[in-house]
Amino acid sequence: MADDEDIRFVMEEEKSRGVRRKRLDTEQRRKTQKTKLDLVRVLASGDERAFLKIMREIGLKDDSPEFLKALKAFRDHVARR
């Protein structure tokens, strides 16, 4: 199944090439997909430490407004479960 996914990514990358089209970065796309899956797992488990780790890995600083907003949303989500 991984081979099928690799082939699909290569085909999408080839289709995206052209005069005005931006080339797709398949490695970045895989990393983004993995991060999304990790976030889904963390939201389901309610593990705040894992959530904070992911937020830091994607480049948010602990004192940034985006980080604080995401943390508040996470805590609200966990409290509603």
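Residues numbered from 1 in each chain as written. Predicted model: local features only at pLDDT ≥ 70, side-chain atom pairs only at ≥ 80, totals over all residues. Heavy atoms only, no water.

Enquirer: Residue-level account of the side chain of Thr26, with values.
Expert: The topology assignment puts Thr26 in helix α2 (residues 26-45). By relative accessible area, Thr26 is classed as buried at 16%. If we skip the residues at most four places from it in the chain, Thr26 touches Phe9 and Glu13. (Helix = DSSP H or I, 4+ residues; strand = E, 2+ residues; numbered from the N terminus. Buried < 20%, exposed > 50% of the residue type's maximum accessible area, 1.4 Å probe, protein only. Contact = heavy atoms within 4.5 Å.)

Enquirer: Break down the pattern of salt bridges for me, citing the residues and quoting the values.
Expert: Taken as a whole and judged by the stated rule, the model has 7 salt bridges. When the shortest N-O distance is used, the salt bridge between Lys53 and Glu57 registers 3.7 Å. With Lys53 and Glu57 both in helix α3 (residues 48-57) and 4 residues apart, the pair spans about one turn of that helix. The network of salt bridges with shared partners includes Lys34, Asp38 and Arg41. (Salt bridge = Lys/Arg side-chain N within 4 Å of Asp/Glu carboxyl O.)

Enquirer: Account for the nonpolar core, with residues named and values stated.
Expert: Counting residues in each nonpolar core, the largest one holds 8 residues, listed as Val42, Phe51, Leu52, Ile54, Met55, Phe67, Leu71 and Phe74. Elements with a contribution of two residues or more to this core: α3 and α4 (65-80). Among the elements that take part in this core, α3 stands out by supplying 4 residues, more than any other. If sequence neighbours within four positions are ignored, Phe51 has contacts with Leu39, Val42, Ala70, Leu71 and Phe74. (Core = buried A, V, L, I, M, F, W, Y, C linked by side-chain atoms within 4.5 Å.)

Enquirer: Which residues make up the packing of aromatic side chains, and what values do they have?
Expert: Scanning the model with the defined rule gives 1 aromatic pair in all. Between the aromatic rings of Phe51 and Phe74, the centroid separation amounts to 4.4 Å while the plane-to-plane angle is 10°, which identifies the pairing as stacked. Here Phe51 is found in helix α3, whereas its partner Phe74 is found in helix α4, with 23 residues between them in sequence. Take Phe51 and Phe74: they sit in the same class, and that class is buried. (Phe/Tyr/Trp six-rings, centres within 6.5 Å; stacked < 30°, edge-to-face > 60°.)

Enquirer: Outline the packing of α3 against α4, listing residues and values.
Expert: Two quantities define a packed helix pair, namely the angle between the axes and the distance from one axis to the other. Their axes nearest at 11 Å, the elements α3 and α4 cross at an angle of 155°. Classed by the angle they form, the pair α3 and α4 counts as roughly antiparallel. As α3 packs across α4, the resulting crossing turns out to be right-handed. Along the contact surface, α3 presents Glu48, Phe51, Leu52, Met55 and Arg56, while α4 presents Phe67, Ala70, Leu71, Phe74 and Arg75. Looking at the contact of α3 with α4 residue by residue, the class counts come to 7 nonpolar, no polar and 3 charged. (Axes fitted to C-alpha atoms, helices over the stretch in contact; angles between N-to-C directions. Parallel < 35°, antiparallel > 145°, perpendicular 65-115°, else oblique. Left-handed = near helix turned anticlockwise from the far one by under 90°. Nonpolar A, V, L, I, M, F, W, Y, C, P; charged D, E, K, R; others polar.)

Limitation: the analysis is restricted to geometry and does not speak to function.
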